[in-house]
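Structural characterization, general
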Amino acid sequence: MVYPVEIGWGVDVDGSGRDGVPLVDLRLWGKSKGLPRPYPLICHLIDSGAATEVLWRDVLPRSARQVIADGLGVSDPDAGRLLAFWTALHDIGKVIPGFQMQAREAFARLSGYSTDGARRDFGHDGATHLFLGRVLGELGYFSGLTGGASAARVAQILGGHHGCFYRVDSREFDSRLEFPQLGAGEWEIQRRAVLDAVTGVFAPPPAPKAVGIESAALICGLVILADWLVSQEDFLSERLDDLPADADLPALCGHRTRSAEYAVELVADAGLGRLALQGGSFAQEFPDYPPNALQRSVAEGLPPLLSGPGLLLVMAPMGMGKTETALHAARLMGDAAGTAGLFMTLPTMATSDQMYQRIRAYVQRRAEPDVDAAVTLLHSMAWLNAAYASEPGGGAVVTGDDDPTSTARTAATAWLRGRKRGLLAPLAVGTVDQALLTVLPVRHNVLRMLGLAGKVLIVDEIHAYDAYMQYLLARLLTWLGALKVPVVLLSATLPRPVAERLLRAYLYGARGRRHRAPLDVAYPGWVYADATSATVTTRVFDVPPRPPLGLDLVDIPARVKDSSTAEKLLVDDGVDRSAALRRLLAPVFRDGGCVMVVCTTVAEAQDTFTVIAAWKAQETAGARGDGTDNSGPVLELLHARLPAREREKRTARVTAAFGREVEPRPPAAILVATQVAEQSLDLDFDLVISDLAPVAQLLQRAGRCQRHPQVDKAGLRPKWATDNPRLAVLLPRGDEGDLVFPDRWTGVYDRSLLRRTNDVLAKKAGSGVAIPGDVQPMVEEVYDETFHENLVEDEINRLMEDEARAGIAEMTAVEAPSRLRDLEPLTTKEIDEDRVSTRLGADSVRVVCCYVDVDGVRWFDPERTRRLPETGVGPDGRFTPAQIRAILGESIPMRDGDWRRRDRDVTAPPPAWSDNATLRELLLLPHIVGADGVVSPVEVGGRSFRLDITLGLLG
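The structure reproduced in this document is the subject of the present report. (Residues numbered from 1 in each chain as written. Predicted model: local features only at pLDDT ≥ 70, side-chain atom pairs only at ≥ 80, totals over all residues. Heavy atoms only, no water.)

**Observations concerning the overall build of the chain**
Just so we agree on the cut-off: Note on conventions: DSSP H or I runs of at least 4 residues are helices, E runs of at least 2 residues are strands, and numbering of each starts at the N terminus. This radius of gyration counts C-alpha atoms alone. The globule rule is 2.2 Å times how many residues there are, raised to the power 0.38. The buried label applies to any residue whose accessible area, calculated with a 1.4 Å probe on protein chains only, is under 20% of its type's maximum; exposed applies above 50%, and partly exposed to all values in between. Residue burial considers only the protein chains on display, and all accessible areas are found by Shrake-Rupley using a 1.4 Å probe. A positive count includes Lys and Arg, and a negative count includes Asp and Glu. His and the chain ends are not counted in either. Note that the charge is assigned to NZ on lysines, CZ on arginines, CG on aspartates and CD on glutamates.
Within the chain, the regular secondary structure consists of 31 helices and 24 strands. The C-alpha atoms of the chain give a radius of gyration of 31 Å, which matches the 30 Å a tight globule of 955 residues would have. Projecting the C-alpha coordinates of the chain onto the three principal axes gives extents of approximately 100 × 70 × 60 Å. Scored against the burial criterion, the 955 residues of the chain give a buried share of 58%. Counting every atom, the chain has about 37,600 Å² of accessible surface; 50% of that belongs to carbon and sulfur. When the 105 basic and 125 acidic side-chain charges of the chain are each reduced to a single mean position, those positions are 1 Å apart.

**Re the sheet that holds strand S6 (residues 427-431)**
Under the convention used in this document: Strand pairing follows a simple DSSP-based rule, namely that at least 2 bridges must link the two strands. Note on geometry: axes are lines fitted to C-alpha atoms, helical ones only across the stretch in contact, with angles between N-to-C directions running from 0 to 180 degrees.
Strand order in this open sheet of 8 strands is S5-S6-S4-S7-S8-S3-S9-S10, and the pairing throughout is mixed. Either end of the sheet is taken by a strand with one partner, and the two such strands are strand S5 (375-378) and strand S10 (536-540). Neighbour to neighbour, the strand axes of the sheet diverge by 15 degrees on average, direction disregarded. Pairing of S5 with S6, which is carried by 4 bridges, proceeds in the parallel orientation.

**Remarks on unusual backbone geometry**
Leaving glycine out, the prevailing phi sign among residues is negative, and the prevailing peptide bond configuration is trans. Geometrically, the link from Tyr-523 to Pro-524 is a cis peptide bond, its omega value of -10 degrees lying close to zero. Residue Pro-772 is reached from Ile-771 by a cis peptide bond, and omega for that bond is 10 degrees. Examined against the element boundaries, Pro-772 turns out to sit in the loop between helix H26 (751-764) and helix H27 (775-782). Of note in this structure, Ala-203 is not a glycine but carries a positive phi near 40 degrees.

**Section: the pairing of strand S20 (residues 923-929)**
With 6 of 7 residues buried, S20 is to be regarded as a mostly interior element. Two strands pair when backbone bridges link them, and strand S17 (residues 844-852) and S20 are joined in this way by 6 bridges, in the parallel orientation. Looking at the pairing, Cys-849 lines up with Leu-925 of S20. Of the pairings in the sheet, the one linking S20 to strand S21 (residues 935-936) comprises 2 bridges and is antiparallel in character.

**A look at empty space enclosed by the protein**
For clarity, the cut-off: Grid points spaced at 1 Å and placed over the protein atoms alone form the basis of the search, with a cavity being a set where a 1.4 Å probe fits but cannot get out and a pocket an open set showing protein on both sides within 12 Å along at least five of seven lines. Lining residues have an atom within 4 Å of a point. Grid points are joined across faces, edges and corners, and a volume is the space filled by probe spheres set on the points. Any residue that is not Ala, Val, Leu, Ile, Met, Phe, Trp, Tyr, Cys, Pro, Asp, Glu, Lys or Arg is counted as polar, Gly included; the first ten are nonpolar and the last four charged.
Across all of its chains, the model carries 5 cavities of 30 Å³ or more by this definition. In this structure, the largest cavity encloses a volume near 160 Å³. If you trace the largest cavity, you find 16 residues lining it, with Val-59, Pro-61, Leu-424, Leu-450 and Lys-455 closest to the centre. Here the lining of the largest cavity is built from residues that sort into 11 nonpolar, 3 polar and 2 charged.

**Points about the packing of aromatic side chains**
In plain terms, the rule: Any pair of Phe, Tyr and Trp rings, taking the six-membered ring for Trp, is counted once the centres come within 6.5 Å. Such a pair is stacked with planes under 30 degrees apart, edge-to-face with planes over 60 apart, and tilted for the rest.
For the coordinates displayed, the defined rule picks out 10 aromatic pairs. With 5.6 Å between their ring centres and 10 degrees between their planes, Phe-286 and Tyr-362 make a pair best called stacked. Placement of the pair is Phe-286 in the loop between helix H12 (282-285) and helix H13 (293-301) and Tyr-362 in helix H15 (residues 349-366), with a sequence separation of 76 residues. The class for Tyr-362 is buried, based on a relative accessible area of 2%. Ring plane angle 80 degrees and centroid distance 5.4 Å describe the contact between Tyr-356 and Tyr-388, whose orientation is recorded as edge-to-face.

**What about helix H28 (residues 793-812)?**
An α-helical segment advances 3.6 residues per turn. Residues three or four places apart therefore align on the same side. So the rule is basically this: By this rule the span expected of a helix is its residue count minus one, scaled by 1.5 Å. The directions considered for the arc are those from the helix axis to the C-beta atoms.
Here H28 spans 28 Å end to end across 20 residues, near enough to the 28 Å set by a 1.5 Å rise per residue. Every buried residue belonging to H28 is among Asp-794, Glu-795, Arg-798, Leu-799, Arg-805 and Ala-809, and all of these are buried. On an axial view of H28, the arc spanned by its buried residues comes to 145 degrees, and they lie on one face. Within H28, the exposed residues directed more than 90 degrees away from the buried face are Glu-793, Met-800, Glu-803, Glu-810 and Met-811.

**Comments concerning the sheet that holds strand S23 (residues 943-948)**
Taking strand neighbours across the sheet as the criterion, the 3 strands line up as S22-S23-S24 in an open arrangement whose pairing is antiparallel. In this open sheet, the two edge strands, each paired with only one partner strand, are strand S22 (938-940) and strand S24 (952-954). The average angle at which neighbouring strand axes cross in this sheet is 30 degrees, direction not considered.

**Topic: the nonpolar core**
Threshold: In plain words, nonpolar cores are sets of buried Ala, Val, Leu, Ile, Met, Phe, Trp, Tyr and Cys residues tied together by side-chain atoms within 4.5 Å. Residues count as neighbours in contact if any of their non-hydrogen atoms are within 4.5 Å of one another.
The biggest cluster of nonpolar side chains holds 230 residues, and the ones touching the most others in it are Trp-86, Leu-272, Leu-313, Leu-585, Ile-689 and Leu-826. It is helix H9 (residues 213-230) that contributes the most residues to this core, 13 residues altogether. Sequence-distant contacts of Leu-585, that is, excluding residues within four places in its chain, are made with Val-595, Val-597, Ile-612, Trp-615, Ile-670 and Ile-689. Core analysis: the second largest hydrophobic core is formed by 45 residues, Ala-293, Met-320, Ala-387 and Phe-541 among them.

**Here we look at the pairing of strand S7 (residues 456-459)**
Burial along S7 is two-sided: Val-456 and Ile-458 facing one way and Leu-457 and Val-459 facing the other are all buried. Where strand S4 (residues 342-346) meets S7, 4 bridges bridge the pair, whose relative direction is parallel. Opposite Met-344, over in S7, you have Ile-458 as the bridge partner. Pairing of S7 with strand S8 (residues 487-491), which is carried by 3 bridges, proceeds in the parallel orientation. Opposite Leu-457, over in S8, you have Val-487 as the bridge partner.

**Quick look at the layout of surface pockets**
The calculated volume of the second largest pocket comes to roughly 1,100 Å³. Together, 45 residues line the second largest pocket, and Met-318, Gly-319, Met-320, Arg-546 and Arg-707 are the ones closest to its centre. Only H13, helix H14 (322-337), H15, S8, helix H23 (695-702) and helix H24 (709-713) provide two or more residues apiece to the lining of the second largest pocket. Within the lining of the second largest pocket, the residues separate by chemical class into 19 nonpolar, 13 polar and 13 charged.

**Some details on a negative patch on the surface**
Threshold: Residues form patches when they are more than 30% accessible in relative terms and have no salt bridge. Like charges link within 9 Å. Nonpolar side chains (Val, Leu, Ile, Met, Phe, Trp, Tyr) link within 5 Å. The salt bridge definition used is simple: a Lys or Arg side-chain nitrogen within 4 Å of an Asp or Glu carboxyl oxygen.
A contiguous patch of negative charge on the surface is contributed by Glu-233, Asp-234, Glu-238, Glu-261, Glu-265 and Asp-269. Put simply, the parts of the chain that give the negative patch at least two residues each are helix H10 (233-239) and helix H11 (249-270). Here Glu-238 shows up in helix H10. Classification of Glu-238 as partly exposed rests on a relative accessible area of 49%.

**What to know about the environment of Gly-659**
For Gly-659, the location among the structural elements is in the loop between helix H22 (644-658) and strand S14 (668-673). Along the backbone, Gly-659 and Arg-704 are 45 residues apart, and their C-alpha atoms lie at a distance of 10.0 Å. With sequence-adjacent residues up to four places away left out, Gly-659 is seen in contact with Val-654, Asp-682 and His-708.

**Re helix H29 (residues 881-889)**
Considered for burial, the residues of H29 that qualify are Gln-883, Ile-884, Arg-885, Ile-887, Leu-888 and Gly-889. For H29, the elements touching its buried residues are H22, S17 and strand S19 (891-895).

**Some words on the state of the cysteines**
As a reminder, the rule being used: Note on terminology: disulfide denotes any pair of cysteine sulfur atoms within 2.5 Å.
Within the structure shown, the criterion is met by 0 disulfides. Of all cysteine sulfurs in the structure, the one in Cys-594 sits closest to Cys-705, which takes part in no disulfide; the separation is 11 Å. Residue Cys-705 is classed as buried on the basis of its relative accessible area, which comes to 4%. In this structure Cys-849 is a free cysteine whose sulfur lies 7.7 Å from that of Cys-850, the closest cysteine sulfur available. A relative accessible area of 2% means that Cys-849 is categorised as buried.

**Here we look at the pattern of salt bridges**
According to the stated counting rule, one finds 45 salt bridges in the structure shown. Among the ionic pairs, Arg-119 bridges to Asp-121, the shortest N-O distance being 3.0 Å. Here Asp-774 and Lys-764 are joined by a salt bridge, their closest N and O atoms 3.2 Å apart. Here Asp-774, found in the loop between H26 and H27, pairs with Lys-764, found in helix H26; they are 10 residues apart in sequence, far enough to count as distant. There is no split in this pair, since Asp-774 and Lys-764 are both buried. Three or more residues joined by partner-sharing salt bridges are found here, namely Glu-324, Arg-358, Arg-660, Asp-682 and Arg-707.

Right, dumping it as structure tokens:
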């Protein structure tokens, strides 16, 4: 008989064992949950090793394989063989009494196995770590605790397959020290029998001397992935009738061959694979948009610089097509580096939702024919996105795969939608938090590293992050440099010191030492840092002359003074925008046009919308009966404190009305919004009105003014709109005319940045802002970090706050790979990703407003047509996806505070929600509905909340 593999160490051809090592006991079980009978451990181990072989061959891109092979000091083929062997050892720790006793019937069939030392609190992952650390030296692995010596490092990798690593302790690895929980006698004999059998089946190459930190992290991620794939109940159930009758080598090798065939199907069904995009020029990739100066500069200047991985930083004015530039550059960089995937990150869930549509359309257009190009959407509320999530009731996945010219399959599989798996898809779009979690010591962060390795990472709007997030981003770039991951960073406004820190962080990871050479960062322009040579190249490009941004500085009272019934404000401790807005918006009521008004807080946006709605009612009260449309402008309100389903609907309406397509553009409209409308939403308005904000945010908002030339070409601008874009900035003034910052504003923005921005704007009020000439100087002046003798108190406070935020990030983030000597600090069992924050000061809760009738029944709506699910209707009382989706669709994010802790009984969710990981953290805001149908607000912790169908949550 010819076997599919070579015969390895410790097992004779006849399968009888050698050196006194008996055959594996097939009664030792590895999986039992959901199965009619237990699945043999040795078969599960062989399954996982075979899956790793398939993943190495068919899924891992060349760049990721190279990082692993280099970290082992072996060839690509030998690295794959070693990883298959190691993966097949990951559950050897299940050969202990404490684990085998968990399946009582299976354990009863074992004879000759003592229960001495059995402990339920001794996990089989720890047993794997401990046993392999003791015996791998016998197979030629190098012992020692420093320099990544292979025996301890491999033991630690495999012991970490549950997502957390154990500390390496030389005393524990001393075989002379007894650990009763491992089990002696037959247990030790069988552990060695399993090791002997796995070695024989996979015939690994000689052991490496050391395993580098970066490669160790990726290897562990691959082990976890293979284990998850072959642990699916459907797969195990199907294999139960296809198990070897004997444990000799020929039988086990035959199982390996069949497992490899099954693994090919498992990988395909999971949606894993390598993305392959068609080559071509920028014009071929984006035929609807002739390349502009930025796009031509990158398309022509970047390719000669590419020899492997690197980082591209693009800094260009608003509205220059940075997204298309990034996608074109990412394809070029990925081809050069040997990657086969893409992950695009954005600041918010709303912008991620919109970008998901664009990326999916791009992939459908540019993917090679008949490829699996699953696109996942990664944020906590992704499954509420109608374009991404399954239909309620478990219907088919709605993906928009309706392009008749496309054969690319972009639907995300059910497996990829599972927890912690989305980043393993060939393509992903999500919030930047999903990437930053990689460098926080959370369970399974190595799986995120595996998902990023082999992709190109695009980070948009990098100016939008505070000092805490900037530090985490820099640490992430250090890891990505070490993992040879190409990166594209995009920003319209970025202080030079921040740009330099990010570039140096990437090069530090790529080279393992600090990059201290001077860096030239130009605006508008782009910088490319080569990971291999540390060569940094800067390019500038000429932006065609643009009309300057018109700047209107409009004073508004810092306290409410108008108390008339029609215009009484909901917010009585902020500013009074009413007179200024009435003047600025009068042309819209008279001649039409589209305007965006951006307020600092949700409450102020709700207040402003209420005031404008009252004006509209007054203006249209005398509508003529001659058929003329006198209904007034369309009003929209968009902010974060809306039920998730409603916010999604409004975002879709806004992007349709003010996006690139001119057809649905309303003749007259006013959007009142908060910061959610300033980032990555591709919107166009005739005028933008904004509260004073830091200059970076103001310039972003100004970039939404007269953004799309097609609107001009269609003649849709109103007569009052000037030939140049215009930004009106509202400045709060006190009674003496001095600048006054309401507490609401300084709770959102730093006081010194507001004051500095006001000073910079005052210099430009007469001449306007030259784009791009004035952009970088304005940003540098406002965000200047240089200490000088004239620093005032609020500037000192800002610098101290930034230092504190960076310090917290430094304490929280995992170390740079070159500083790690051990894998254990990468993870901790005490921190779960659901409990850790990638944003300081963003502690929030999600609330669900419900309506309680006189009988105590809770409903989603005041009309009491949709009952709140209090118990699950699925098997075993579990909540169905449709139920969970319905609940989350009504959830609203809110800043956490004492109000929640003071009245826990009021906000307590139904008891059954505590059994569901998705629902247990939600809070209820129960509105009482009287017998007369009148709805009362909710009183919680001294605050009164009320959900308004138009305004959102008030209170």
